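Structural description and commentary
Given next are the chains, with one letter for each unit.
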Amino acid sequence: INAEYGGLQLGGMVFLVHGRKPPNNAKRNRRRARRRKEAQQADPHQGWTSGTEQIEAAPAEAQSPERPVGVAHPHPHPHPHPNAERSGPLVPARVAHVFLWDLDDTLIPWDSMAKGKLQGGKEFFNQWFEISKQHQADYLFGDQIGNVQIDALDEELDPLHHLGLFESMQDTPPSLAHAIKLYPEVARVYEEAVVCNGQAKDQGLQELLDRTDQISAQWLTAGKAAIDAASGVPGSLNVIVTASKLLAAVTKLLLFGLGCYVDPHNIYSCWMEGSKKEVFQIFKKKFPSAKFLAIGDGKQEKLAAQELRVPFFPISAAAGPDAAVMDLEELKQRFERMAR
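Given the structure is predicted, the values throughout are model-derived calculations rather than measurements.

**Topic: the sheet that holds strand β7 (residues 312–314)**
What the five strands build is an open sheet, ordered β5-β4-β3-β6-β7; its pairing is parallel. The outermost strands of the open sheet, each flanked by one partner alone, are β5 (267–269) and β7. Here the strands of the sheet are splayed against their neighbours by 20° on average, with no regard to which way each runs. The pairing of strand β3 (residues 97–101) with strand β6 (residues 291–296) spans five bridges and is classified as parallel. Counted as the bridge partner of Phe99 is Leu293 from β6. Packed on one face of the sheet, helix α10 (residues 246–255) meets β4 (236–242) and β5 and runs near 140° to β5. Sitting on the sheet, helix α11 (residues 276–286) touches β3, β4, β5 and β6, and the angle it makes with β4 is about 160°.

**With respect to the side chain of Thr212**
Tracing the backbone shows Thr212 in helix α8 (residues 203–215). A polar contact of 2.7 Å, which involves the side chain of Thr212, links it to the backbone oxygen of Leu208. Beyond its immediate chain neighbours, meaning those up to four positions away, Thr212 contacts Pro109, Met113, Phe124, Trp128 and Leu220.

**Overview of the confidence of the model for the protein chain**
When pLDDT is low, close inspection of the predicted coordinates is not appropriate. Mean pLDDT over the protein chain: 81, with 73% of residues reaching 70 or higher. In the model, residues 1–22 has pLDDT below 50 throughout and makes 29 contacts with residues more than four positions away in sequence or in other chains. The model gives residues 58–88 a pLDDT under 50, and that stretch makes 61 contacts with residues more than four places away or in other chains.

**Here we look at the nonpolar core**
Nonpolar side chains tend toward joint burial in soluble globular proteins. Counting residues in hydrophobic clusters, the biggest one holds 68 residues, and the most contacted among them are Trp101, Trp128, Phe256 and Phe335. Leaving out residues up to four positions away in the same chain, Trp101 has contacts with Thr106, Leu107, Ala226, Ile227, Ala230, Asn238, Val239, Ile240, Val241, Ile295, Leu331 and Phe335.

**Some thoughts on the packing of aromatic side chains**
This model, assessed by the stated rule, comprises nine aromatic pairs. Considering the side-chain rings of Trp110 and Phe256, the 6.2 Å spacing of their centres and the 85° angle between planes classify their relative orientation as edge-to-face. Separated by 146 residues along the polypeptide, Trp110 in helix α3 (residues 110–114) and Phe256 in the loop between α10 and β5 bring together distant segments of the chain. Given the relative accessible area of 0%, Trp110 is considered buried. When its relative accessible area of 6% is taken as the criterion, Phe256 is described as buried. Note on Phe125 and Phe129: the rings are 6.1 Å apart at their centroids and 20° apart in plane angle, and the pair reads as stacked. Remark: Phe129 and Phe125 occur in helix α4 (residues 121–139); sequence separation between them is four residues, near one turn of the helix. The exposure classification of Phe125 matches that of Phe129, with both residues buried. Counting every residue linked through ring pairs, the aromatic cluster contains Trp110, Phe125, Trp128, Phe129 and Phe256. The ring of Trp271 has Lys245 sitting right over it, with the charged end atom 4.7 Å from the ring centre.

**Some thoughts on the environment of Glu167**
Considering the arrangement of structural elements, one finds Glu167 in the loop between α6 (148–154) and α7 (177–193). Taking the C-alpha atoms as reference points, Glu167 and Pro184, separated by 17 residues in sequence, lie 8.8 Å from one another. Here the side chain of Glu167 touches His265 through a polar contact of 3.5 Å, side chain to side chain.

**Notes on the side chain of Asn238**
Checked against the element boundaries, Asn238 lands in strand β4. Relative accessible area serves as the criterion here: at 4%, Asn238 is assigned to the buried category. Only 3.0 Å separates the side chain of Asn238 from the side chain of Ser231, close enough to count as a polar contact. Aside from chain neighbours lying at most four places away, what touches Asn238 is Phe99, Trp101, Ile227, Ala230, Ser231, Tyr261, Val262 and Asn266.

**Focus on the packing of α11 against helix α12 (residues 299–307)**
Closest axis-to-axis distance for the α11/α12 pair is 8 Å, and the angle between their directions is 45°. Taken together, α11 and α12 sit at an angle that is classed as oblique. For α11 against α12, the interelement crossing comes out right-handed. Contact residues: α11 offers Lys276, Lys277 and Phe280, while α12 offers Gln300, Glu301, Ala304, Ala305 and Glu307. When grouped by side-chain class, the residues that make up the contact of α11 with α12 number three nonpolar, one polar and four charged.

Criteria and thresholds
- Residues numbered from 1 in each chain as written.
- Predicted model: local features only at pLDDT ≥ 70, side-chain atom pairs only at ≥ 80, totals over all residues.
- Heavy atoms only, no water.
- Pairing = 2+ DSSP bridges.
- Helix = DSSP H or I, 4+ residues; strand = E, 2+ residues; numbered from the N terminus.
- Axes fitted to C-alpha atoms, helices over the stretch in contact; angles between N-to-C directions.
- Contact = heavy atoms within 4.5 Å.
- Polar contact = N/O pair within 3.5 Å; in protein donor to acceptor, adjacent residues only side chain to side chain.
- pLDDT = per-residue confidence, 0-100.
- Core = buried A, V, L, I, M, F, W, Y, C linked by side-chain atoms within 4.5 Å.
- Buried < 20%, exposed > 50% of the residue type's maximum accessible area, 1.4 Å probe, protein only.
- Phe/Tyr/Trp six-rings, centres within 6.5 Å; stacked < 30°, edge-to-face > 60°.
- Lys NZ or Arg CZ within 6 Å of the ring centre and 35° of its normal.
- Parallel < 35°, antiparallel > 145°, perpendicular 65-115°, else oblique.
- Left-handed = near helix turned anticlockwise from the far one by under 90°.
- Nonpolar A, V, L, I, M, F, W, Y, C, P; charged D, E, K, R; others polar.

Structure, rendered in structure tokens:
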């Protein structure tokens, strides 16, 4: 009996009775190495940008010295939700509306910066990229967790990555030991570090936020106003569905001051192998009586919404910041009408 994997072993062969097949470590390691090499060679920002195809642009007429810059270390008590009086907690007792948000080039102009479309070009984006990497390493255990999403794929886990992925796991693969231990800590740090009211505590970060808003036609202001209005809809639940890596998304939500609108366990990454359609299906099954709305700039979320008959609100990022901001302002007004 092969007790570890629940099978009968005869003559060197294992016949499964229950459990999973013993891993082929050499094959697994080769596959993991190939994935890491491909990820690194394809783009140094791989996993930090969505890399997804955008919806086609509409016609023109429709369009610090002592420490690294970043969010201050977690505060002793979580900040209250900015709309606590009218919208309740991040996960309401009764979910009546589920808003499925894309992140990059929807709520924030991340991919537009990465492609050099905004003033300052890619050099300006590199400032954001370095700050984000440093913040992830300093506060979200980035160096200890490592390439967890590739490791999880190699262990044949669900490719839809989220902070609750390991909660029911009984066997602990060595490659995921740090992540299994630290993901609850990431959620805790996220909940305690969110800053939505007022300015960022780090002056360098606030200056970068102000500069980004200035060169993007107030995209950050419009994005935050839209999700703030969504949070004011009674029984609303905000979900982030991103094609970037999970910890990259968590980092961006914190740095751009959006963390208080999204529960940490409602941030889903379909980087590399997952699909947004699968995430949409999870929440439709979880909240069958709720009304859904998907929001984004990419073709993946648009097609997923069409296939599942979920209403879709497009953000015209491909047409430029002005068009995206106009869409976000229209979306904000829509949410305000829903909240009346």
